[in-house]
Amino acid sequence: MLEDKLKQEEGKMMVTSVPFIKLFSQSLWMMWENIFAVITKFRSQSVRRYGICKLVVLKYHGESLVCQDGQRILPGDWVGELHLDNRQIVQLTRTLGADRAGIRTARMLREAMKEISRDLDSNPELSKVNALTGITLLHRGIIHGIGFEQRPIKSKWQRHWFGIYLRFLLRMLHPEGKHRVEDSTEKLSPMMLVLSRQSLKARFAPRKTEAAS
C-alpha cells in the first residue's frame, strides 16, 4: 500500500513538472492521433491492439525485400505495420520519467510481440501476414533484442518526410525531445524495420513449460 502511494505521489510530481506549453502541445498532438487513427482504418484491412502496440494489417507498397531467413516481401503482400501507442507512452513518461518509461516501453513491446506471434496462426486476419514492418528513429533503443532487421529508406523524399515527422514527434512526446533532436541530429536517421513471419514465431514461440500451463 505504501509503495503504491509513493508511486502515485511520484506520478503527480512528474506531471506537475511538465511545462504547461508542453502539456498543451501534447494534447493537440493526441487530437491529431485520433484523426490519424480514423484515416488508418480506411487504408487498411484491420487495426488490432496488442498492449502498447497497434498492428495495422495492409498491403505492402514498397520495394521488394529479402529477409535474412530468405522470406521475400513483394509489393502487394500483406504485412502488419506496427505503431507504438503514443498516448500510453506520454502517460508513462509523465509518471515514470523518460528513462524508466523507455525501459517499461521496451518490456511492453516484447509482451506485445509475444501476443502477435500467438495470434499469427489462430486469427484469420493475420494468417496472410508475411512480415511485420515499421518506421522509427529509435532503432538503437527499445527494439534491441527483438529481432527486427534494419533497412535504410531508399526513397529520398520518404526519408526526408519521415525524418521531419519523427523528429517533430520526439520533440512533442519526450520531456527532453528538443535537446535530443538538436544534440543527436546525425544519429536520428529514420530506418525501416522488418521482421519476417518465420523469424517472429521462432523468436517468440512459447516455451514448453508455458505451452503446458
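Residues numbered from 1 in each chain as written. Predicted model: local features only at pLDDT ≥ 70, side-chain atom pairs only at ≥ 80, totals over all residues. Heavy atoms only, no water.

Peer 1: Please clarify how the pattern of salt bridges should be interpreted in this entry.
Peer 2: Enumeration over the complete set of coordinates arrives at seven salt bridges. Residue E125 pairs with R48 through a salt bridge whose shortest N-O separation is 3.4 Å. Here E125, found in the loop between α4 (98-122) and β6 (131-136), pairs with R48, found in strand β1 (residues 46-50); they are 77 residues apart in sequence, far enough to count as distant. By relative accessible area, R48 is classed as partly exposed at 25%. Measuring nitrogen to oxygen at the nearest pair gives 2.7 Å for the salt bridge that ties R151 to E149. Via salt bridges that share partners, R48, D119 and E125 belong to a single interconnected network. (Salt bridge = Lys/Arg side-chain N within 4 Å of Asp/Glu carboxyl O. Helix = DSSP H or I, 4+ residues; strand = E, 2+ residues; numbered from the N terminus. Buried < 20%, exposed > 50% of the residue type's maximum accessible area, 1.4 Å probe, protein only.)

Peer 1: Please explain the packing of α4 against helix α7 (residues 197-204) as it appears in this structure.
Peer 2: For any two helices packed against each other, one specifies the crossing angle of their axes together with the interaxial distance. Packing of α4 against α7 brings their axes to within 9 Å, and their N-to-C directions diverge by 115°. Regarding α4 and α7, the two cross each other, and that crossing is left-handed. Judged by residue contacts, R110, M113, K114, I116, S117, L120 and D121 of α4 engage R197, L200, K201 and F204 from α7. (Axes fitted to C-alpha atoms, helices over the stretch in contact; angles between N-to-C directions. Left-handed = near helix turned anticlockwise from the far one by under 90°. Contact = heavy atoms within 4.5 Å.)

Peer 1: How do you make sense of the packing of helix α3 (residues 86-96) against α4 when you look at a structure like this?
Peer 2: Between α3 and α4, whose axes approach to 7 Å, the crossing angle comes to 140°. What the angle tells us is that α3 and α4 run oblique. Here α3 runs over α4; the crossing is right-handed. Along its contact with α3, which presents Q88, I89, L92, T93 and L96, the element α4 presents A98, R100, A101, R104, T105 and M108. Split by residue class, the contact of α3 with α4 holds six nonpolar, three polar and two charged. (Parallel < 35°, antiparallel > 145°, perpendicular 65-115°, else oblique. Nonpolar A, V, L, I, M, F, W, Y, C, P; charged D, E, K, R; others polar.)

Peer 1: How should I be thinking about the nonpolar core in this particular structure?
Peer 2: Within soluble globular proteins, side chains that are nonpolar tend to cluster in buried spots. Counting 25 residues, the largest nonpolar core has L82, M113, I116, L132, F148 and L200 as the members making the most contacts within it. Of all the secondary-structure elements, those providing two or more residues to this core are β2 (53-59), α3, α4, β8 (191-196) and α7. Setting aside residues no more than four positions away along its own chain, L200 makes contact with M113, I116, S117, L120, L132 and L195. Listed in part, the eleven residues of the second largest apolar core include V56, L65, V79 and I153. (Core = buried A, V, L, I, M, F, W, Y, C linked by side-chain atoms within 4.5 Å.)

Peer 1: Explanation requested: the pairing of β6 in the structure shown.
Peer 2: In the case of a regular strand, side chains alternate between the two sheet surfaces. Taking burial as the measure, the six residues of β6 include five buried ones, the bulk of the element. The sheet contact formed by strand β5 (residues 78-84) and β6 spans two bridges and is parallel. The residue of β6 that forms the bridge with E81 is T133. Relative to β8, β6 runs antiparallel, the two being bridged by six bridges. Among the inter-strand pairings, T136 is bridged to a residue of β8, identified as M191. (Pairing = 2+ DSSP bridges.)

These results come straight from atomic positions and should not be treated as a statement about function.
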